[in-house]
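Structural characterization, general
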Amino acid sequence: DEDSLKVAFEGCKIKEIRWGEDKNTGAFRGFGHVTFEDENSLDKALQLNGVDLLGRPLRISYALERSGVAESKEATKKEVENDDP
């Protein structure tokens, strides 16, 4: 849930959290996207890759642009995924 995610990212300045939802049902798809306000927050978040959150490991990576080209380090979007739906 969003509150647990904010606690996990304590010390990071979060700009936005968006949850992956099924387009037809609105059901949670097991992942979310977090936008951070600055590069320092982004770097702190990267250190949490693999950390347990609600019984599942966080998978944190740089988001990809829609074209599939990786964004530069200045990018502030991070993808946070749970392995289980």
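Parameters at a glance
Residues numbered from 1 in each chain as written. Predicted model: local features only at pLDDT ≥ 70, side-chain atom pairs only at ≥ 80, totals over all residues. Heavy atoms only, no water. Helix = DSSP H or I, 4+ residues; strand = E, 2+ residues; numbered from the N terminus. Buried < 20%, exposed > 50% of the residue type's maximum accessible area, 1.4 Å probe, protein only. Polar contact = N/O pair within 3.5 Å; in protein donor to acceptor, adjacent residues only side chain to side chain. Contact = heavy atoms within 4.5 Å. Salt bridge = Lys/Arg side-chain N within 4 Å of Asp/Glu carboxyl O. Phe/Tyr/Trp six-rings, centres within 6.5 Å; stacked < 30°, edge-to-face > 60°.

On to the side chain of Ser 41, then. Here Ser 41 shows up in helix 2 (residues 39-46). Take Ser 41: its relative accessible area is 2%, and that puts it in the buried class. Reaching out from Ser 41, the side chain makes a polar contact with the backbone nitrogen of Lys 13 at a distance of 2.7 Å. Residues in contact with Ser 41, not counting those within four places in the same chain, are Gly 11, Cys 12, Lys 13 and Phe 36.

Here we come to unusual backbone geometry. A positive phi angle, close to 55°, is found at Leu 54, a residue other than glycine. On the secondary structure map, Leu 54 appears in the loop between strand 3 (52-53) and strand 4 (56-57). Exposure remark for Leu 54: the relative accessible area of 61% places this residue in the exposed category.

Bringing the pattern of salt bridges into the picture now. What the rule picks out here adds up to three salt bridges. Its salt-bridge partner being Lys 6, residue Glu 2 comes within 3.5 Å of it at the nearest N-O pair. A residue pair is termed a helical-turn pair when its members lie 3 or 4 positions apart in one helix, as Glu 2 and Lys 6 do in helix 1 (residues 2-8) at four residues. For Glu 2, a relative accessible area of 33% translates into the label partly exposed. Notably, a salt bridge pairs Arg 18 with Glu 16, separated by 3.8 Å at the nearest N-O pair. Exposure remark for Glu 16: the relative accessible area of 35% places this residue in the partly exposed category.

Another aspect to go through is the packing of aromatic side chains. Two numbers describe a pair of aromatic rings. These are the distance of the centres and the angle of the planes. Under the counting rule described, the total for this entry stands at two aromatic pairs. Aromatic side chains Phe 9 and Phe 36 sit 5.4 Å apart centroid to centroid with 85° between the ring planes, which places their arrangement in the edge-to-face category. You can see Phe 9 sitting in the loop between helix 1 and strand 1 (14-21) and its partner Phe 36 sitting in strand 2 (residues 28-36), a full 27 residues away along the chain. A single burial state applies to Phe 9 and to Phe 36, both of which are buried. Between Trp 19 and Phe 28, the aromatic rings sit 5.7 Å apart at their centres with planes inclined by 80°, giving edge-to-face as the arrangement. The exposure class assigned to Trp 19 is partly exposed, which follows from its relative accessible area of 31%. Exposure remark for Phe 28: the relative accessible area of 42% places this residue in the partly exposed category.

So yeah, pure geometry; function would need other evidence.
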